[in-house]
Amino acid sequence: MINEAATGAFISKERGDDLIEKLWLAIKSARAVEEELEHYHHLLEEKVNSHTATSTQLELFGEVREALFSVNEEKQRMERLVRITKRWEENARKAFEDEED
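Residues numbered from 1 in each chain as written. Predicted model: local features only at pLDDT ≥ 70, side-chain atom pairs only at ≥ 80, totals over all residues. Heavy atoms only, no water.

## Points about the overall build of the protein chain
What the protein chain contains, in helices and strands, is three helices and zero strands. Shown N-terminal to C-terminal, the secondary structure of the protein chain runs as helices and strands in the order α-α-α. Considering the protein chain as a whole, with its 101 residues, one finds that 24% of them fall into the buried category. Of all intrachain contacts in the protein chain linking residues separated by at least 6 positions in sequence, the fraction that spans at least 24 positions is 81%. (Helix = DSSP H or I, 4+ residues; strand = E, 2+ residues; numbered from the N terminus. Buried < 20%, exposed > 50% of the residue type's maximum accessible area, 1.4 Å probe, protein only. Contact = heavy atoms within 4.5 Å.)

Encoded structure:
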């Protein structure tokens, strides 16, 4: 007899795949945002280092740096979720196969 928990986990693999696909799209988007923020950070950093930055540019520099940190942190969190979801799917598949044997 097939273990009900393993079957439920295995059947919901489609949802896991959906989650992984959506996470990869979000990661790709986060990478694009991160690249843009890095570009602006570099430009603003030049202004700050040359002591020619306006007060608005100084404020923007701080916000861009904080946003870069946040985007990177979220990207890493989503990448961990992908790895955990894949591991969960693999464990569910193995449990399902073990029950069939």
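## Here's the deal with the nonpolar core
Within the largest apolar cluster, 12 residues are counted, these being I20, L23, I27, A30, L37, L44, F61, V64, L68, V71, M78 and V82. Elements with a contribution of two residues or more to this core: α2 (13–49) and α3 (55–100). Those residues within four positions of M78 in sequence are excluded, and the remaining contacts are L23, A26, I27 and A30. (Core = buried A, V, L, I, M, F, W, Y, C linked by side-chain atoms within 4.5 Å.)

## Points about the confidence of the model for the protein chain
Averaged over every residue, the pLDDT of the protein chain is 85; the share at 70 or more is 86%. Looking over the protein chain, one finds the lowest element-wise mean pLDDT in helix α1 (residues 4–11), namely 50, and the highest in α2, namely 91. (pLDDT = per-residue confidence, 0-100.)

## As for the pattern of salt bridges
As enumerated under the stated definition, the model contains three salt bridges in all. One salt bridge connects E74 with R77, and the closest N-O pair in it is separated by 2.3 Å. With E74 and R77 both in helix α3 and three residues apart, the pair spans about one turn of that helix. Taking the relative accessible area as the measure of exposure, E74 reaches 38% and is therefore partly exposed. The partly exposed category is assigned to R77, whose relative accessible area is 36%. (Salt bridge = Lys/Arg side-chain N within 4 Å of Asp/Glu carboxyl O.)

## Description of unusual backbone geometry
One non-glycine residue, H51, lies in positive phi territory at about 60 degrees. Note on placement: H51 falls in the loop between α2 and α3. Assessed through its relative accessible area of 74%, H51 is described here as exposed.

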